[in-house]
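# Tertiary structure, described
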Amino acid sequence: MHKLYQSSRPLVMGILNVTPDSFSDGGQFNHLGAAVKQAERMIKEGVDIIDIGGESTRPGAKPVSETEELARVIPLIEAIAPLGTPISIDTSKAEVMKAAVEAGAQMINDVCALQQEGAIETAAELQVPVCLMHMQGKPRSMQASPSYENVVLEVMAFLAQRVQLCEQSGISRDLISVDPGFGFGKSLEHNIELLRGLEHFNQLQLPVLVGISRKSMLGQITGREINQRLPASIAAALIAVGKKASIIRVHDVAETVDALKIFNAIN
Ligand code: 8Y4
C-alpha cells in the first residue's frame, strides 16, 4: 500500500477551499495569504492531508473554467507544499491534476472518479494516490431526484467498476481509495443508509474516505444551520471511523483530531 494509506489510525483530511465565496474579502493577494494561514493553522492542529479545491462542487454550483481553476489552486499548492504536509488536489480535470502534482500535490481527490476526459490516463501517468468518489448525476442537478434500488450495493458496484477500470489503465490498486460520496445525488434516507452500511465498503479491501463535515444531511437531522453543525459532524466522523473508515474529510481539524484521540485511545 502507498505510504499515505499506511496509517494504523484514521487520517484527517482538512478542507481548504479557494472558491471566491470562501474568501470574499480583498483581492488575489488576500485570497492566497488567508488560505496559507488557514493551512498553517490546520497543520498546527494535526491535519494529515490538506485538500485543496478550486471548483465549488456544492449542489447547483456552476462549472469553473480550467484557467480559473488553475489560477486558484496552483499558487496555493506552491505556497503550501514546502510546509511538508501532504496535499490532495480536489479536481476532476486532467490538466489541473497534472499541474497540481507538478506544483507539489501528492494525491488526487476526484468527485467524478476519473470519468472526465483524460483523467484516468493522467492519474495513471502521475502515479499518486487517488480517491474515487461516487456521485449520481451532475453537481447542477444531482439533488433533484436521487433514486436507488439499494444505495449501498449500487454505490459499491459503481466504485468496484471504477477500481477495475483504473487497474486496467495502469493505476496500481495500492494507490486507490474509495468514497461513497455523501450528499452527491443522495436523499437524506440514502445518506443514512450509506453511513449505516459503511462497513460493507470494506469488502472492496481499499481505504474508505468519508466526507460528511457540515453537510446538509446533518442539518436535516439536527435542524442546524451550516455553522452550527460541528457536534453533528464530530458524531458522524466517529460513526464512520467506528465502521473502519480510513480518512475523514473535515472543516474542523482541531476538534476532529481531539475526537479521534479518544477513539484511538479506546481502540
Ligand atoms: C457544507 C459544507 C455543506 C460542505 C456542503 C459541503 C466530498 C469531496 C466534497 C466528499 C470527497 C462539500 C470535494 C462538498 N465533498 N471529496 N468533496 N468526499 N472525497 N459540501 O464527500 O464539502 S465538496
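Please refer to the structure placed before this passage.
Anyway, here's the lowdown on the structure attached to this text. The model shown is predicted, which means the values in this text are computed figures rather than measured ones. Counting restarts for each chain: residues are numbered from 1 in the order of the written sequence. Where local features are concerned, this predicted model is filtered to residues with pLDDT of at least 70; where side-chain atom pairs are given and counted, the filter is 80 or more; whole-chain, interface and lining totals use all residues. Heavy atoms from the whole structure form the basis of all side-chain values; hydrogens and water molecules are not counted.

The way it works is that DSSP assigns letters per residue, a run of H or I at least four long becomes a helix, a run of E at least two long becomes a strand, and they are numbered from the N terminus. Scanning the chain for helices and strands turns up 9 helices and 8 strands. The C-alpha atoms of the chain give a radius of gyration of 17 Å, which matches the 18 Å a tight globule of 267 residues would have. Dimensions of the chain, computed from C-alpha atoms along their principal axes, come out at roughly 45 × 40 × 40 Å. Under the scheme applied here, a residue whose accessible area is under 20% of the maximum for its type counts as buried, over 50% as exposed, and between as partly exposed, the area being computed with a 1.4 Å probe on protein chains only. Expressed as a percentage of its 267 residues, the buried residues of the chain come to 51%. Sequence separation of at least 24 residues holds for 69% of the intrachain contacts in the chain that already meet a minimum separation of 6. By the counting rule applied here, Lys and Arg register as positive and Asp and Glu as negative, while His and the ends of each chain are not counted. A single reference atom marks each charge: NZ on Lys, CZ on Arg, CG on Asp, CD on Glu. Side-chain charges in the chain split into 24 positive and 30 negative, and the spacing between the mean points of these groups amounts to 5 Å. C-alpha atoms define the radius of gyration in this analysis, and the globule rule sets the expected value at 2.2 Å times the number of residues to the power 0.38. Contacts between residues were defined by any pair of non-hydrogen atoms, one from each residue, lying within 4.5 Å.

In the vicinity of the ligand lie 16 residues, with Asn109, Asp179, Lys215, Ile226 and Arg249 positioned nearest. N or O atoms within 3.5 Å of each other form a polar contact, as long as, within protein, one can give a hydrogen and the other can take it, and as long as residues adjacent in sequence are counted only when both atoms are side-chain atoms. Take Asp179: an N or O atom from its side chain is 2.6 Å from a nitrogen atom of the ligand. At a separation of 2.7 Å, an oxygen atom of the ligand approaches a polar side-chain atom of Lys215. To measure how exposed things are, a 1.4 Å probe is used in the Shrake-Rupley method; for residues, cover is taken only from the protein chains shown. A total of 510 Å² of accessible area belongs to the ligand in isolation, and the protein chains cover 92% of it. Following the grouping adopted for this structure description, the nonpolar residues are Ala, Val, Leu, Ile, Met, Phe, Trp, Tyr, Cys and Pro, the charged ones are Asp, Glu, Lys and Arg, and the polar ones are all others, Gly among them. For the shell around the ligand, the class distribution of residues is 6 nonpolar, 5 polar and 5 charged. Consider each residue's heavy atoms; a residue with any of them within 4 Å of a molecule or strand counts as near.

This part covers the packing of helix α8 (residues 230-242) against helix α9 (residues 253-266). Axis definition: a line fitted to C-alpha atoms, over the contacting stretch in the case of helices. Angles run 0 to 180 degrees between N-to-C directions. Direction vectors running N to C along α8 and α9 enclose 40 degrees, while the axes themselves pass 10 Å from each other. Regarding the angle of α8 to α9, the classification is oblique. When the axes of α8 and α9 are compared, the crossing they make is right-handed. Here Leu230, Ile234, Leu238, Val241 and Gly242 of α8 come into contact with α9, specifically with Glu255, Thr256, Ala259, Leu260 and Phe263. Of the residues contributing to the contact of α8 with α9, the split by class is 7 nonpolar, 2 polar and 1 charged. Orientation is classified from the angle alone, with under 35 degrees giving roughly parallel, over 145 giving roughly antiparallel, 65 to 115 giving roughly perpendicular, and any other angle giving oblique. Each crossing gets its hand from how the near helix is turned against the far one by less than a right angle, where anticlockwise is left-handed and clockwise is right-handed.

With that settled, the discussion passes to the layout of surface pockets. Computed from the structure, the second largest pocket encloses a volume of approximately 420 Å³. Lining the second largest pocket are 20 residues, and of these Cys112, Gln116, Met135, Lys138 and Pro139 lie nearest its centre. Classifying every residue of the lining of the second largest pocket by side-chain character gives 9 nonpolar, 6 polar and 5 charged. Lining residues are defined by having an atom within 4 Å of a point belonging to a cavity or pocket. Those points lie on a 1 Å grid over the protein atoms alone, cavities being sets where a 1.4 Å probe fits but cannot get out and pockets being open sets with protein on both sides within 12 Å along at least five of seven lines. Grid points are joined across faces, edges and corners, and a volume is the space filled by probe spheres set on the points.

Next up on the list: the sheet that holds strand β1 (residues 11-17). Only when DSSP finds a minimum of two bridges between them are two strands counted as paired. A sheet is described by the order of its strands in space; here 8 strands give the open sequence β6-β5-β4-β3-β2-β1-β8-β7, paired in parallel fashion. The open sheet has two edge strands with one neighbour each: β6 (176-179) and β7 (209-211). The mean angle between the axes of side-by-side strands here comes to 25 degrees, regardless of whether they run parallel or antiparallel. Relative to strand β3 (residues 87-90), strand β2 (residues 49-53) runs parallel, the two being bridged by 4 bridges. Bridged to Gly53 within β3 is Asp90.

Okay, the packing of helix α2 (residues 66-80) against helix α3 (residues 94-103) next. Interhelical geometry of α2 versus α3 gives an angle of 15 degrees and a closest axis separation of 9 Å. Here α2 lies roughly parallel to α3, going by the angle between them. At the point where α2 passes α3, the crossing takes the right-handed sense. Where α2 abuts α3, its residues Glu66, Glu69, Leu70, Val73, Ile74, Ile77 and Glu78 lie against Glu95, Val96, Ala99, Ala100 and Ala103. Its residues assigned to classes, the contact of α2 with α3 shows 8 nonpolar, no polar and 4 charged.

Looking at soluble globular proteins, one finds that nonpolar side chains tend to be buried together. We call a set of buried residues a nonpolar core when its members are Ala, Val, Leu, Ile, Met, Phe, Trp, Tyr or Cys and they connect through side-chain atoms within 4.5 Å of each other. One finds Ile52, Leu114, Ile171 and Phe201 to be the most contacted residues of the largest nonpolar core, which totals 71 residues. Of all the elements, helix α5 (residues 151-168) adds the most residues to this core, at 8 residues. If you look at the next biggest cluster of nonpolar residues, it comprises 9 residues, including Leu4, Leu11, Met107 and Cys131.

Right, let's talk about α8 for a bit. A helix is expected to span 1.5 Å multiplied by its residue count minus one. If you check α8, its first and last C-alpha atoms are 18 Å apart, about what 13 residues at 1.5 Å a residue would give, namely 18 Å. Along α8, the residues classified as buried are Ala232, Ser233, Ile234, Ala236, Ala237, Ala240 and Val241. Just past α8, the residue Lys244 takes up positive phi, approximately 75 degrees.

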